[in-house]
Amino acid sequence: MSESTLRGTGIAKMPAVRKEIDAVPLRRPGRWVASAALAFVLVFLLQGWAANPRMQWATVGDHLFAPVVLEGLGTTLWLTAASMAIGIVGGVVLAVMRRSDNPLLSRLSWLYIWVFRGTPLLVQLLFWYFLAAVVPQVGLGVPWGPTFVEFDTNQLVTQTSAALLGLGLHEAAYMAEIVRSGIASVDDGQSEAANALGMTHRQTLRRIVLPQALRIIIPPTGNQVISMLKTTSLVSVIAVPELLTSIQAIYSRNFQQIPLLTVACAWYLLAVSVLSVGQYYLERRYGRGASRDLPPTPLQRMRATFAARRPAPLEER
């Protein structure tokens, strides 16, 4: 309706008034009460644990950076890296075999995964350690014929090699399923397009499929690395001098089990925290194509917090 028509009818046009909505946040007193109760319980437990004289924090400090403990930590980290390298390479090979059109390769891969996932890791470690009781000599030669080179199994399969065989081959069975699920997540049209361009199956897998599957493979692989770091403590049953074995050797002499186990927990927590940070940034890098807006990193959140608290310049006031 025009302004002249409104004047003829005696109705004046009122100017539009914009009113800011004063939104009041919903109050949740139960959430604050529960948070306060949980905070009280947490502070109570931490204070009781820290003030307990039987914890012997002086002993914890004395052994935290002991050379034997640091050597055991280095062995733990080395076992983790080497075992995961064996597991990742073996997992990729087994996943490719599992998806092969060759029925023999596919069934052999399934049999491997079934055996190594179906038996406990501790049993596998002991099996490799006592392998010389069944196979005293390992030879190279013609099957059912002459043997050219022979090795003593006790010298070939030492404590460290038994730990690597047990951890790495066991991990390969789990990594095979992780890699297989990542490959299966890539659309079949990608492989068909690569084949149309004349790529071989190996080139398609290496250049097209696996780079896209990494977004699915990396998160569970990071969890497996963290799990492997803690699983290396099982090799203490075959006396490999890793972190827990070194700690056990110390408290078997001074009988201060809890303080020394606290030292082990502190180093495990530190190593897991470092691996978790690395996993976070690795997932963020390979997740760039999955979403438009990536969540801010902790450093970016910290910068945004400081920028919000910084006073505005005088020109903007």
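Up top is the structure.
Residues numbered from 1 in each chain as written. Predicted model: local features only at pLDDT ≥ 70, side-chain atom pairs only at ≥ 80, totals over all residues. Heavy atoms only, no water.

**Student:** Explain the packing of helix α9 (residues 188–196) against helix α10 (residues 201–231) residue by residue, including any values.
**Tutor:** Their axes nearest at 10 Å, the elements α9 and α10 cross at an angle of 155°. In terms of axis orientation, α9 runs roughly antiparallel to α10. Between α9 and α10 lies a crossing of right-handed hand. In contact with Gln190, Ser191, Ala194 and Asn195 of α9, α10 contributes Thr204, Ile208, Val209 and Gln212. Partitioning the contact of α9 with α10 into residue classes produces three nonpolar, five polar and no charged. (Axes fitted to C-alpha atoms, helices over the stretch in contact; angles between N-to-C directions. Helix = DSSP H or I, 4+ residues; strand = E, 2+ residues; numbered from the N terminus. Parallel < 35°, antiparallel > 145°, perpendicular 65-115°, else oblique. Left-handed = near helix turned anticlockwise from the far one by under 90°. Contact = heavy atoms within 4.5 Å. Nonpolar A, V, L, I, M, F, W, Y, C, P; charged D, E, K, R; others polar.)

**Student:** Go over a nonpolar patch on the surface, please, and point to the residues and values.
**Tutor:** Together, Leu104, Leu108, Trp110, Leu111, Trp114 and Val115 give the surface a local cluster of nonpolar side chains, amounting to about 620 Å² of exposed area. Relative to the assigned elements, Trp110 resides in helix α5 (residues 103–118). (Patch = residues over 30% accessible without salt bridge, like charges linked within 9 Å, V, L, I, M, F, W, Y side chains within 5 Å. Areas by Shrake-Rupley, 256 points an atom, 1.4 Å probe, with all protein chains shown as cover. Salt bridge = Lys/Arg side-chain N within 4 Å of Asp/Glu carboxyl O.)

**Student:** Help me get a handle on the layout of surface pockets, residues and values and all.
**Tutor:** Over the atoms, a rolling probe the size of a water molecule traces out where space has been left empty. Looking at the largest pocket, its volume works out to about 410 Å³. In this structure, the largest pocket is lined by 17 residues; those nearest its centre are Arg99, Ile183, Ser191, His201 and Leu205. Sorting the residues of the lining of the largest pocket by element identifies α4 (67–98), α8 (159–184), α9 and α10 as the ones contributing at least two each. Split into classes, the residues belonging to the lining of the largest pocket amount to seven nonpolar, five polar and five charged. (1 Å grid on protein atoms, 1.4 Å probe; cavity = no way out; pocket = protein on both sides within 12 Å on 5 of 7 lines; lining within 4 Å. Points joined across faces, edges and corners; volume = space filled by probe spheres on them.)

**Student:** Tell me about the pairing of strand β1 (residues 137–141), residues and numbers included.
**Tutor:** Both β1 and strand β2 (residues 147–152) contribute to a ladder of five bridges, which runs antiparallel. By the bridge assignment, Val138 is partnered in β2 with Phe151. Hairpin connection between β1 and β2: a loop of five residues separates the two successive antiparallel strands, and Trp144 in this loop has a positive phi of roughly 55°. (Pairing = 2+ DSSP bridges.)

**Student:** I'd like to hear about the pattern of salt bridges, residue by residue, with values.
**Tutor:** One pass over the structure, following the stated rule, counts two salt bridges. Of the charged contacts in the structure, one is a salt bridge between Arg98 and Glu177, with a shortest N-O distance of 3.1 Å. Linking Arg98 in helix α4 with Glu177 in helix α8, this pair joins segments that are 79 residues apart in sequence. When its relative accessible area of 18% is taken as the criterion, Glu177 is described as buried. Salt-bridge contacts for Glu177 lead to Arg180; the nearest nitrogen and oxygen are separated by 2.8 Å. With Glu177 and Arg180 both in helix α8 and three residues apart, this pair spans about one turn of that helix. By relative accessible area, which is 29% here, Arg180 ends up partly exposed. (Buried < 20%, exposed > 50% of the residue type's maximum accessible area, 1.4 Å probe, protein only.)

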